[in-house]
Amino acid sequence: MTRTVDELVADLAASDPVLRDQSLGMLVSYGPRATAALLPLLDSDDAELRARAARGLAYIADPRTADRLAELVDDADPQVRAQGAWGLSLLRDPRALEALIRTIDDLPAETMAHRTLATDGLIAIGAPALPRVADLLTAPSPDTRARARLVILTVASRLPPAEATAWRDRVAAAEQTA
């Protein structure tokens, strides 16, 4: 049985988490056809619903949503902010780097202490992100510093040996001064 976009959108507010996840997955599979139905949900008072809509839009990666995803980086809810930045990274939008930096501590993975959507996005950007991520090695928060180290060391592992060593040395020097 095929579900309409409107039916799936309505199910995003259901109490059953499995139904919500299945509905979001179906909406993402519909691609840009679901964009117009998800966008109004970003204005909801319900942060969870905003986060679900943002997640769907991020994975749909419809270039028409880039400006709206960029606005989400200023949302009061960390899940919404993280999804907005992630969406920009999936779109390879030029605003993604700064959005990911700003949201590096938002929405930590439950099973991996220092992973967030932002760390994954920064790792995907690769070497061009390293100078900006390196600024976070001296951040006040130990979690932020650990996330910066994770990104730098992961990206460095894919660089030519001399470059990788230089980045590892920079991380080690920052750890000694922290």
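Use the structure listed above.
Residues numbered from 1 in each chain as written. Predicted model: local features only at pLDDT ≥ 70, side-chain atom pairs only at ≥ 80, totals over all residues. Heavy atoms only, no water.

Caption draft 1: Fine view of the overall build of the protein chain. A count of helical and extended segments in the protein chain gives 11 helices and zero strands. Across its three principal axes, the protein chain shows a C-alpha extent of roughly 55 × 25 × 25 Å. Within the protein chain, residue pairs in contact and separated by at least 24 positions form 54% of the contacts whose partners lie at least 6 positions apart. A total of about 9100 Å² of accessible surface is found on the protein chain, and carbon and sulfur atoms cover 54% of it. (Helix = DSSP H or I, 4+ residues; strand = E, 2+ residues; numbered from the N terminus. Contact = heavy atoms within 4.5 Å. Areas by Shrake-Rupley, 256 points an atom, 1.4 Å probe, with all protein chains shown as cover.)

Caption draft 2: Representation of the environment of alanine 146 within the structure. Within the element layout of this structure, alanine 146 appears in helix H10 (residues 142–156). You can call alanine 146 buried: its relative accessible area is 8%. Along the primary structure alanine 146 and glutamate 175 are separated by 29 residues, whereas in three dimensions their C-alpha atoms are 9.6 Å apart. (Buried < 20%, exposed > 50% of the residue type's maximum accessible area, 1.4 Å probe, protein only.)

Caption draft 3: Summary view of the pattern of salt bridges. In total, this model carries 15 salt bridges according to the counting rule given. A salt bridge links aspartate 135 to arginine 132; the nearest nitrogen and oxygen atoms lie 3.3 Å apart. On the basis of relative accessible area, aspartate 135 is assigned to the partly exposed category, the value being 45%. The closest approach of N and O atoms between glutamate 175 and arginine 149, which form a salt bridge, is 3.1 Å. Taken as a pair, glutamate 175 in helix H11 (residues 161–177) and arginine 149 in helix H10 lie far apart in primary sequence, 26 residues in all. (Salt bridge = Lys/Arg side-chain N within 4 Å of Asp/Glu carboxyl O.)

Caption draft 4: Inspection of unusual backbone geometry at higher detail. The backbone of alanine 61 sits at a positive phi, close to 55°, despite the residue not being glycine. The partly exposed category is assigned to alanine 61, whose relative accessible area is 26%. One non-glycine residue, arginine 92, lies in the positive phi region at around 55°.

Caption draft 5: The arrangement of the environment of alanine 58 in detail. As for its position among the elements, alanine 58 is in helix H4 (residues 47–60). Expressed as a C-alpha distance, the spacing of alanine 58 and valine 151, which sit 93 residues apart in the sequence, is 21 Å. For alanine 58, the residues in contact, after removing those within four places along its chain, are Gln83, Trp86, Gly87 and Leu90.

Caption draft 6: Just the environment of arginine 20, in detail. Here arginine 20 is to be found in helix H2 (residues 17–30). Separated by 32 residues in the primary sequence, arginine 20 and arginine 52 place their C-alpha atoms 8.7 Å from one another. Excluding residues that lie within four positions of it along the chain, arginine 20 makes contacts with Asp11, Leu12, Ala14, Ser15 and Arg52.

Caption draft 7: Inspection of H4 at higher detail. If you check H4, its first and last C-alpha atoms are 20 Å apart, about what 14 residues at 1.5 Å a residue would give, namely 20 Å. Counting buried positions along H4 yields 10 of 14 residues, so the element is predominantly enclosed. Each element contacted by the buried residues of H4 is listed here: H2, helix H3 (35–38), helix H5 (66–72) and helix H6 (78–91). Here H4 starts with a cap whose side-chain oxygen sits 2.9 Å from the backbone nitrogen of glutamate 48, and that cap is aspartate 46. Immediately beyond the C-terminal end of H4, within one or two residues, lies alanine 61, with a positive phi of roughly 55°. (Expected span 1.5 Å × (residues − 1). Polar contact = N/O pair within 3.5 Å; in protein donor to acceptor, adjacent residues only side chain to side chain.)

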